[in-house]
Amino acid sequence: MAKDTPQTFYLKDYTPFGFDVESVHLTFRLAPETTRVLSRIRFAPKPDAADKTFFLYGEELQLISAKIDGQAVTPELVDGGLKCAVPSAPFTWEAEVEINPAGNTALEGLYMSNRMYCTQCEAEGFRKITYYPDRPDVMSTFTVRIEGDEPVMLSNGNPVGAGEGWAEWHDPWPKPAYLFALVAGDLVNHPGSFTTKSGKEVELNIWVRPGDENKCAFGMEALKKSMKWDEDVYGLEYDLELFNIVAVDDFNMGAMENKGLNIFNSSCVLASPETSTDANFERIEAIIAHEYFHNWTGNRITCRDWFQLCLKEGLTVFRDAQFTADMRSEPVKRIDDVITLRARQFPEDNGPLAHPPRPEAFQEINNFYTATVYEKGAEVIGMLKRLVGDESYYKALKLYFERHDGQACTIEDWLKVFEDATGRDLSQFKLWYSQAGTPRVKVTEDYAGGTYTLTFEQSTPPTPGQPDKAPRVIPMAVGLLSPNGDEVRATEVLELTEAKQSFTFEGLASKPVPSILREFSAPVILERETSNAERAFLLAHDTDPFNRWEAGNALAKETRVAMVLDGAAPDAAYLDALEKLVRDDEQDPAFRALVLSPPSQSDIAQTLYERGYTPDPQKIYDAAETFTQTLAQQLETSLPRLYAATTVEGSYSPDAESAGKRALNGRILSLLTRLDGGEQAARQYAAADNMTQQYAALAALMKAEKGEVQSRAFFEQWQDDRLVMDKWFALQIACAAPEKTAATAKALTQHALFDMKNPNRFRAVFGALAGNHAGFHHASGEGYQLLADNLIALDKLNPQTTARMCAAFQTWKRYDAGRQSLIRAQLSRIAGTEGLSRDTNEMVTRILDA
Ligand SMILES: [Zn+2]
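Heads up: these notes are all about the structure in this document. (Residues numbered from 1 in each chain as written. Predicted model: local features only at pLDDT ≥ 70, side-chain atom pairs only at ≥ 80, totals over all residues. Heavy atoms only, no water.)

1. Things to note about the overall build of the protein
Item 1. Looking only at helices and strands, one finds 27 helices and 31 strands in the protein.
Item 2. The C-alpha atoms of the protein give 27 Å as radius of gyration, which agrees with the globular expectation for 850 residues (29 Å, within 12%).
Item 3. On the principal axes, the C-alpha backbone points of the protein span a range of 85 × 65 × 60 Å.
Item 4. For the protein, the residues scored as buried account for 59% of the 850 residues in total.
Item 5. Within the protein, counting contacts between residues at least 6 apart in sequence, those at least 24 apart form 70% of the total.
Item 6. By element, 49% of the accessible surface of the protein is carried by carbon and sulfur atoms, the whole surface being about 32100 Å².
Item 7. Separation of charge centres in the protein, based on 87 positive and 122 negative side chains, amounts to 2 Å. (Helix = DSSP H or I, 4+ residues; strand = E, 2+ residues; numbered from the N terminus. Rg over C-alpha atoms; globule rule 2.2 N^0.38 Å. Buried < 20%, exposed > 50% of the residue type's maximum accessible area, 1.4 Å probe, protein only. Contact = heavy atoms within 4.5 Å. Areas by Shrake-Rupley, 256 points an atom, 1.4 Å probe, with all protein chains shown as cover. Lys, Arg positive; Asp, Glu negative; His and termini not counted. Charge placed at Lys NZ, Arg CZ, Asp CG, Glu CD.)

What follows is the structure in C-alpha cells.
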C-alpha cells in the first residue's frame, strides 16, 4: 500500500454492519506455506440497515473460490477486502482462501512460531485468515474444524470431536472475530481443574513446548486464584467446560484473551525459581489474572468499535490491579503503578503522541494499544470508584453485566450504568475520556483563626489537536496532620469541578501540614510550593503510605535537580531521612526498597524540562552516580548488617513478603558493591539458587564493571533458555556506561543469539537501549542511529513491534538543539524509507509533526 495516502478512521463515522452473522463454520487444512481456510458463514441482511454494502475485510489472502447459496460467484476484489452482490434474504457465504503461516513474520493472523501454528487476531488480524466482517460489533458463534498432522490442535470453546488428523471445536458464546484463536503443534499440557461457585467442574490446561512442563505450576495456581477472586469480588463465574492457556515464543504483545483459549507470550506465563525473578512472578500472576478477567470485561461484553478499546482495557487493568493488591500489598501495588504511569503514560500524555483514553481518529489501531488507553484508562475507573464510593461502584458493575451481557458497547453505555445506579450526572466526568493531557493542579493554602483553606487551580497544557481544555472532575483525597505528626483530619475526597476552587477546614488548633492527593487519587501533576523540611516531615509521619513514599520521591527529585543545576552536594537532611528509614526494621521491606529506588533519570529530565531547563543527560547521569555513591558511604557501617538481615534463607518462594525482602536486599547489595569492590556480590552470585538473587548479584557486578567472569558464566549456564537470555542481552545494555551503551547494543545485535524476528529479543536489546537514558541520548547520536537502523530493518518483517518501539523518540523535544537535530535526522530517515508500513509511518509522522 502506498504510504503517502494513509486512510484515517474517525469515531464520528461509525455505522453498523448491514448484516447479522448467524453462524460461522471454518475448516483449516494446515500446511506451513499453503494453509487452506474454508469458511461457511450464514448472513442475514438487516432490514433497516443504512448501508447495505456487502464488504468483507481481507488482507494477504489468495481467494480460491467463493459461493453464495452453493452457486459460484466472482466477488470484486478491492483495497483491503472484497465486495459482492448478495440476495436480500438470508444466505450462506462460502469461500476458500490460501494463506502462508510460515511466511508471516508480522505475527498477525495465523503464523508459525518454532514450528507451531498460532494466531493473533486483535485488533484486525482475522482478516489475514479469511474474508470476514472483521469488526468487534459483529458477533457470532464459531464452529472450527482443524485438519493436519499436529499432535495437539486447539480452538475456542469446547471440544466436540477429534480423530486421526482432525479436531473440531464449538464456541457457544457469540464473539467478535478478534477473539478467534487456533493453536496446533507438538505441545504438552500441565493440567488442573477448578470448581465454580455453582459447582461446575472446569478443566484447565497450560500448553507448552516439551521441556517447559516444569514452568507451569505457578501460572496454574495464579489462574485458579483469579477464577476464585472474580467470583468473590465481582460475582463472575467462568462459562465453558474448558480453559486453555498456550505459551508462544514469538508474540507481539504480552498475552491475548481469546475465548477459552488464551495465548501468552512465553515470558508472561513460564516461571520457575531458577529462571524467573520475583518481578517476573508478580507480572505473570497479574497477566494471567488480566486475561482471565477479560472473559467478562472484554469477551462477554465487548467494544462496539476500536475507539472504545479502553472500555475493556481500562476496566480490566483496573481489575487486575485490585487483584494484585488483594494478593500482595495494596500500598506497594499502588506505588508501583504510579511509578509505571509516570514512566510510560506521562511522557505520552505530555508529548507528540498525546491522545485521549478514547481517541477519535486513527490510521492504524495497533498504534493505540498505549499506556493512555490501558493505564490511564484504569486510573479513570479508579477515580470513578472513588467518586461514587465502593458500594455504588459494585452496584453499577452488577447493572453493567446484567444490561450489556452479549453486547458490543461504548463508553456512553458504561457511564450510563453509573448514572442509573447512582443518580449522578457524569457529563463533566466524561471529559476524562475525550481530553488528552495530564492536568496540572496548583495548590495554595491559607490559615487564619483556626480555619485552614486549600485552593486548587486546574489547567491542562495543549495537546495535538486540543489547544483548550475544559475543567475536569478531579477527586482530590486530602488528610491533615498536626505539626507534632498526629493526623487531625482523616482522608476526605474533595471534588474539584471548577478551574479554581477552595475548601475550608474549621476548628484547627494550629496550622496543619496537608497530605494531598493521597493514594494518588487522580492522574494529575500537583504543583505546590513547599519545603524539604515539610517533605521530610511527611516521609516520617504521613499515615497514607503512598504519600509517605511520594514525599521521599519528591525529596529525591529535589536533591537531584539541585545537583544537576547548581552542582550542589546531595542534600544531607534527605540522606539522614533515608538512612533512618532504611535502618528501621519495623518498616515493610518492600516499602523500604521502593523508597531506596531512585527516580529514573528520564523522570529527572522531564522534571527539568517542565521547569524550563534543557536537560543534559550526562549531567543527570553523573548526579545519579554521585548521589548513590554518597548514600553508600553514608550507610557504610550499616550495610553489612542490613544485607545479612534482609537475606532470605531457605528454599525460594515467590510470595510477596519474601519478594519484598529480596527487593530490599538487592538494593543493599548494589550499594555495598560500590564499597567492597564486588566481593559480596560475587559470593551471592556463586551461592544463588534462584534467579532473583543470581540476577541481582550479576546486575550489581556489571554496573560496577566487575561482572565479566559472572556474565560469561551466566551465558554458559543459560544459553539454551530463551527467556533468561533476554535478561542477559538487556542487562549488558542497561548497565553500560553512557559512552559505551550504543557500542554494547550494536555488538549484541551481531551475537549469534540475536534474532530480529523474535519480538522479545528485539525488545530486550532496544528496550534496554532506549531505557538507558544517558546512553541512548549520548551526544554522539550513535544510540539514535542504531535504533533507527534496526527499526528500518524490522519494519519489513514486523510493523507492529517497529511502530511501538518508535515511541523511544517521543520525548525528543525536551533536549538541546544538537540532540533534536540528530533525532530529527533519524526520524526523517525512517519516514523516508521506501515501502514503510502504515503502522510505522503514522507513529513517525506524529512524533515529527509535534
Ligand atoms: Zn487486556
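We are not done yet, so read on.
2. Let's talk about the packing of helix α17 (residues 679-687) against helix α18 (residues 691-703)
Item 1. Interaxial distance between α17 and α18 falls to 8 Å at its minimum, and their mutual angle equals 150°. Considered as vectors, α17 and α18 are oriented roughly antiparallel to each other. For α17 against α18, the interelement crossing comes out left-handed. Touching Ala-681, Ala-682, Gln-684 and Tyr-685 of α17 are Gln-693, Gln-694, Ala-696, Ala-697, Leu-698, Ala-700 and Leu-701, all from α18.
Item 2. Across the contact of α17 with α18, the residue classes break down as eight nonpolar, three polar and no charged. (Axes fitted to C-alpha atoms, helices over the stretch in contact; angles between N-to-C directions. Parallel < 35°, antiparallel > 145°, perpendicular 65-115°, else oblique. Left-handed = near helix turned anticlockwise from the far one by under 90°. Nonpolar A, V, L, I, M, F, W, Y, C, P; charged D, E, K, R; others polar.)

3. Brief notes about the sheet that holds strand β15 (residues 166-175)
Item 1. Spatially, the eight strands line up as an open sheet ordered β6-β5-β9-β3-β2-β12-β15-β14, and their pairing is mixed. Strands with a single pairing partner mark the edges of an open sheet, and in this sheet they are β6 (71-72) and β14 (158-163).
Item 2. Two strands pair when backbone bridges link them, and strand β2 (residues 19-29) and strand β3 (residues 35-45) are joined in this way by ten bridges, in the antiparallel orientation. Within β3, the position partnered with Arg-29 by the bridge is Arg-36. (Pairing = 2+ DSSP bridges.)

4. Remarks on the pairing of strand β16 (residues 182-185)
Item 1. Of the two faces of β16, the one holding Leu-182 and Ala-184 and the one holding Val-183 and Gly-185 are both buried throughout.
Item 2. Summarising the sheet, strand β13 (residues 152-155) and β16 pair through four bridges and their orientation is antiparallel. Across the sheet, Leu-154 pairs through a bridge with Val-183, a residue of β16.

5. Here's the deal with the environment of Phe-17
Item 1. Its place among the elements puts Phe-17 in the loop between β1 (9-10) and β2.
Item 2. Separated by 131 residues in sequence, Phe-17 and Gly-148 place their C-alpha atoms 34 Å apart.
Item 3. Phe-17 has contacts with Phe-43, Lys-46, Phe-55, Pro-133, Arg-135, Asp-137 and Val-138, leaving out every residue within four places of it along the chain.

6. Comments concerning the pattern of salt bridges
Item 1. For the structure shown, the criterion picks out 64 salt bridges.
Item 2. Between Asp-337 and Lys-333 there is a salt bridge; the shortest N-O distance is 2.9 Å. Highlighted residues: Asp-337 and Lys-333, both in helix α4 (residues 330-349), separated by four residues, approximately one helical turn.
Item 3. Taking the shortest distance from any N to any O, the salt bridge between Arg-583 and Glu-579 comes out at 2.8 Å. Of this pair, Arg-583 and Glu-579 both sit in helix α11 (residues 572-583), four residues apart, which is roughly one turn of that helix. (Salt bridge = Lys/Arg side-chain N within 4 Å of Asp/Glu carboxyl O.)

7. Concerning the nonpolar core
Item 1. Grouped together as the largest cluster of nonpolar side chains are 258 residues, with contacts concentrated most on Trp-93, Trp-414, Phe-429 and Phe-456.
Item 2. Counting residues per element, this core draws most heavily on helix α5 (residues 371-388), which supplies nine residues.
Item 3. Beyond its immediate sequence surroundings of up to four residues, Trp-414 is in contact with Leu-311, Leu-315, Ile-381, Leu-384, Leu-397, Tyr-400 and Tyr-433. (Core = buried A, V, L, I, M, F, W, Y, C linked by side-chain atoms within 4.5 Å.)

8. What to know about helix α10 (residues 545-566)
Item 1. In a regular helix each residue adds 1.5 Å, so 22 residues correspond to 32 Å; α10 covers 32 Å between its end C-alpha atoms and thus fits that length.
Item 2. The element α10 is extensively covered by neighbouring structure, given that 17 of its 22 residues are classed as buried.
Item 3. Once α10 ends, the next one or two residues include Gly-567, with phi positive near 65°. (Expected span 1.5 Å × (residues − 1).)

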